[in-house]
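# Notes for the structure review
Residue-level listing of the chains:
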Amino acid sequence: MEIELVIARDEEDAPRRAAELLAAAAERGGHLALSGGSTPRRAYELAAELVRDWSRVDAWLGDERCVPATDERSNVGLVRHALAARALVPPRVHPVDTSLPPARAAAAYDAELEGIELALALQGIGPDGHTASLYPYAPALDVSDARAVAAPAELEPWVDRVTMTVPMLCSAREVLFLVVGANKAEAARRAFAEPPSQATPASLVRSRSGRTVVILDPAAAEHVR
């Protein structure tokens, strides 16, 4: 599947470009799968400034860390703080119930996602090539009959996770990767310039029915230009 590579001018330009696509999706409305971690924070802040009314959006978590929503490591906490709290009218946010054990939390989220059609899935990529909480050669990569599964801790912070599966993420009409930093350059090469492989889970996530856009800053794009 072809991807659209976008090389940003600099590290500040990359989240701005991602924010523009998030804002466009918000104006169209629908179900968005959002990511956590440090990379998308600025994109959420900018998107909330570009579009003030997110009432047509249902925001889901592409993955979540099994910590309370008030924990600084929480992905839903990031979405609420950086996006929902800054919008004039916030989206409907669908958290993972992290009070449950990981397997039960994943089963509950899987059931909640039944029938949901994602308009957009925002993805990051780790230096090891993981995306969401889908790690190299993990059993979760072979799951085809669930929308969300539990994932064990594989890297810092060392907490269990709940993650959308590859088929669920690939069902999105638009898959958007935001990749920033020189420490992501080698993983970006494997994900976006080489054939798909379970060694690099990000290489497996492509929109089946729409488009896949990859936004990289110059440092992350070093090996894919």
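No experiment lies behind these values; they were computed from the predicted model shown. (Residues numbered from 1 in each chain as written. Predicted model: local features only at pLDDT ≥ 70, side-chain atom pairs only at ≥ 80, totals over all residues. Heavy atoms only, no water.)

Secondary structure assignment for the protein chain yields six helices and 10 strands. Taken over C-alpha atoms, the radius of gyration comes to 16 Å for the protein chain, in line with the 17 Å a tight globule of 225 residues would show. Reported as C-alpha extents along the three principal axes, the dimensions of the protein chain are approximately 45 × 40 × 35 Å. Put simply, of all contacts in the protein chain between residues at least 6 apart along the chain, 77% involve residues at least 24 apart. In the protein chain, 24 side chains carry a positive charge and 32 a negative one; their mean positions are 3 Å apart. (Helix = DSSP H or I, 4+ residues; strand = E, 2+ residues; numbered from the N terminus. Rg over C-alpha atoms; globule rule 2.2 N^0.38 Å. Contact = heavy atoms within 4.5 Å. Lys, Arg positive; Asp, Glu negative; His and termini not counted. Charge placed at Lys NZ, Arg CZ, Asp CG, Glu CD.)

Strands sit in the order E1-E10-E9-E6-E2-E3-E5 across an open sheet of seven strands; the sheet is parallel. Two strands close off the open sheet at either side, each with one partner strand: strand E1 (4–7) and strand E5 (92–94). Strand-to-strand twist of the sheet, defined as the mean angle between neighbouring strand axes without regard to direction, takes the value 20°. Summarising the sheet, strand E6 (residues 118–123) and strand E9 (residues 174–179) pair through four bridges and their orientation is parallel. Paired with Ala-121 across the bridge in E9 is Val-175. (Pairing = 2+ DSSP bridges. Axes fitted to C-alpha atoms, helices over the stretch in contact; angles between N-to-C directions.)

With that out of the way, let us pick up the packing of aromatic side chains. Tallying each qualifying case throughout the model produces two aromatic pairs. Ring centres 5.1 Å apart and planes at 70° place the aromatic pair Phe-177 and Phe-192 in the edge-to-face group. Here Phe-192 lies in helix H6 (residues 185–192) and Phe-177 lies in strand E9, a separation of 15 residues in the sequence. Pair check on accessibility: Phe-177 and Phe-192 agree, each one buried. (Phe/Tyr/Trp six-rings, centres within 6.5 Å; stacked < 30°, edge-to-face > 60°. Buried < 20%, exposed > 50% of the residue type's maximum accessible area, 1.4 Å probe, protein only.)

Covered by surrounding structure in strand E8 (residues 161–164) are Arg-161 and Thr-163 together with Val-162 and Met-164, the residues of both alternating faces. Across three bridges, strand E4 (residues 63–65) lies against E8 in antiparallel orientation. Counterpart to Glu-64 in the pairing with E8 is Val-162. Relative to E8, strand E7 (residues 148–151) runs antiparallel, the two sharing four bridges. Each bridged residue has a counterpart across the sheet, and for Ala-151 the counterpart in E8 is Arg-161.

So, about the sheet that holds E7. In spatial order, the strands read E4-E8-E7; together these three strands make up an open sheet with antiparallel pairing. Both outer strands of the open sheet, E4 and E7, are each paired with one neighbouring strand and no more. Strand after strand, the sheet turns through a mean of 20° between neighbouring axes, direction not considered.

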